[in-house]
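The residues making up each chain are set out below.
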Amino acid sequence: MDATILVNRTHRLPRKAIPQTLVEPEIIFDAPVGDRKRLLAVSAAKGVEALFARGKEEGIYLCGVSGYRSYERQEELYQKKLREQQELDRLAAMSDDDVMQASMNRVSQDTERLTRRNIAPPGASEHQTGLALDVSCQAVDYQLDERFGETREGRWLKRCAPLYGFILRYPKGKEHITGYGWEPWHIRYVTRSLALYLTLTGLTMEEYYEQK
């Protein structure tokens with residue numbers, strides 16, 4: 001799979017799109033041995049090994065949380081999130097009888113919007129490419145949390161990831177372009193040359209493809 005491929009809600013991967021070769025990088029993972037989310041495409045695996053090794057030399061200890069995710073697994077997660085949000089909307093509407101009818105008219109649309117902002121629909125997740133990895137550290141209990149971006153590890157990752165071919169795919173201030181909230185933990189392998197170009201120009205993948 002092309003390392004520079006654009007994947008989002010309008011450029012989706014088919015169900016059968018599976019990386020030709022997936023390997024487990026030699027890094028620390030917050031996932032049990034044998035879990036498929038420990039896998040990455042070969043190019044991304046080599047890049048993240050070098051990135052994490054550089055970090056260790058500088059006293060930065062990162063941990064992989066989630067790498068490859070199949071179309072089917074993404075579908076499960078998306079539907080689960082949708083059900084959870086629908087239940088929250090239902091309970092919120094029940095708490096105020098006076099506005100229940102008006103609220104319920106908006107529940108379906110708002111639920112879909114909120115769910116799509118928080119988790120990609122099947123086929124729209126970069127994790128399906130094997131080129132994306134969610135990263136965390138001990139300072140935030142290995143959670144995928146915006147607080148990670150303010151940690152020493154998060155700041156280091158933002159600065160050094162492009163040197164090894166990775167970008168922070170969903171930056172702050174570009175939510176209206178990427179369609180997702182700020183995710184300082186989500187890195188995406190795009191090759192070193194493109195990573196450096198996007199970092200220097202401040203472009204997202206969407207903006208890069210628009211100008212091509």
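Structure first, text after, so check above.
Just so we're clear, the structure is a prediction, and the values are computed from it rather than from any experiment.

J.: Can you help me understand the pairing of strand S6 (residues 183-189) in this one?
T.: Of all the seven residues making up S6, seven are buried; the element is thus mostly covered by neighbouring parts of the structure. Examined bridge by bridge, strand S4 (residues 132-136) and S6 share three bridges and lie antiparallel to one another. Within S6, the position partnered with Leu133 by the bridge is Ile187. In this structure, strand S5 (residues 166-170) lies alongside S6, joined through four bridges in antiparallel fashion. Across the sheet, residue Ile167 finds its bridge partner in S6, namely Arg188.

J.: What am I meant to see in the nonpolar core here?
T.: In terms of nonpolar packing, the biggest core is built from 26 residues, with Leu51, Phe52, Leu62, Leu133, Val135, Phe148 and Leu157 touching the most fellow members. Elements with a minimum of two residues in this core: strand S2 (40-41), helix H1 (42-57), S4, helix H4 (152-160) and S6. In terms of residues, this core owes the most to one element, H1, which gives five residues. Among all residues touching Phe52, those that are not within four sequence positions of it are Ile27, Ile28, Leu62, Cys63, Gly64, Leu133 and Val135. In terms of nonpolar packing, the next biggest core, distinct from the first, is built from eight residues, Val190, Leu194, Ala195 and Tyr208 among them.

J.: For this particular structure, what's the right way to read the packing of H1 against H4?
T.: Each pair of packed helices can be described by the angle between their axes along with the distance between the axes. Packing of H1 against H4 brings their axes to within 11 Å, and their N-to-C directions diverge by 130 degrees. Overall, the two elements H1 and H4 adopt an arrangement that is oblique. Where H1 crosses over H4, the handedness of that crossing is right-handed. Facing Leu51, Arg54 and Gly55 of H1, the residues of H4 in contact are Trp156, Leu157 and Cys160.

J.: Is there a simple way to think about helix H6 (residues 192-201) in this case?
T.: Every α-helical turn comprises 3.6 residues, leaving residues that sit three or four positions apart pointing alike. Every buried residue of H6 is accounted for by Leu194, Ala195 and Leu198. Buried residues along H6 cover an arc of 100 degrees about the axis, so they all sit on one side. Turned more than 90 degrees off the buried face of H6, the exposed positions are Ser193 and Leu200. After H6 finishes, the residue Gly202 shows a positive phi value of roughly 75 degrees.

J.: Just checking my understanding: could you explain helix H2 (residues 71-94) for this structure?
T.: Across its 24 residues, H2 extends 35 Å between first and last C-alpha, which sits within 8% of the 34 Å expected from 1.5 Å per residue. Looking only at H2, the buried set comprises Tyr71, Gln74, Tyr78, Leu82, Gln85, Asp89 and Ala93.

J.: Would you mind going over the layout of surface pockets with me for this structure?
T.: The gaps left among the atoms become clear once a water-sized probe is rolled over them. Counted as a void, the second largest pocket has a volume near 450 Å³. Surrounding the second largest pocket, 23 residues form its lining, Lys158, Leu168, Pro171, Lys172 and Trp182 being those nearest its centre. Sorting the residues of the lining of the second largest pocket by element identifies H4, S5 and H6 as the ones contributing at least two each. Tallied by class, residues from the lining of the second largest pocket come to 12 nonpolar, five polar and six charged.

J.: What am I meant to see in the packing of aromatic side chains here?
T.: Given two aromatic rings, their pairing is described by the distance between the two centres and the angle made by the two planes. Following the criterion strictly, the structure yields four aromatic pairs and no others. Taking 6.0 Å as the distance between ring centres and 65 degrees as the angle between the ring planes, the aromatic pair formed by Tyr197 and Tyr208 counts as edge-to-face. In this pair, Tyr197 sits in helix H6 while Tyr208 sits in helix H7 (residues 205-211), placing the two residues 11 residues apart along the sequence. On the basis of relative accessible area, Tyr208 is assigned to the buried category, the value being 18%. Among the aromatic residues, ring-to-ring pairing joins Tyr197, Tyr208 and Tyr209 into one connected group. Here Lys172 stacks its cationic end above the ring of Trp182, 4.1 Å away from the centre of that ring.

Conventions used here
Residues numbered from 1 in each chain as written. Predicted model: local features only at pLDDT ≥ 70, side-chain atom pairs only at ≥ 80, totals over all residues. Heavy atoms only, no water. Buried < 20%, exposed > 50% of the residue type's maximum accessible area, 1.4 Å probe, protein only. Helix = DSSP H or I, 4+ residues; strand = E, 2+ residues; numbered from the N terminus. Pairing = 2+ DSSP bridges. Core = buried A, V, L, I, M, F, W, Y, C linked by side-chain atoms within 4.5 Å. Contact = heavy atoms within 4.5 Å. Axes fitted to C-alpha atoms, helices over the stretch in contact; angles between N-to-C directions. Parallel < 35°, antiparallel > 145°, perpendicular 65-115°, else oblique. Left-handed = near helix turned anticlockwise from the far one by under 90°. Arc of directions from axis to C-beta. Expected span 1.5 Å × (residues − 1). 1 Å grid on protein atoms, 1.4 Å probe; cavity = no way out; pocket = protein on both sides within 12 Å on 5 of 7 lines; lining within 4 Å. Points joined across faces, edges and corners; volume = space filled by probe spheres on them. Nonpolar A, V, L, I, M, F, W, Y, C, P; charged D, E, K, R; others polar. Phe/Tyr/Trp six-rings, centres within 6.5 Å; stacked < 30°, edge-to-face > 60°. Lys NZ or Arg CZ within 6 Å of the ring centre and 35° of its normal.

What is shown is where atoms sit, not what they do.
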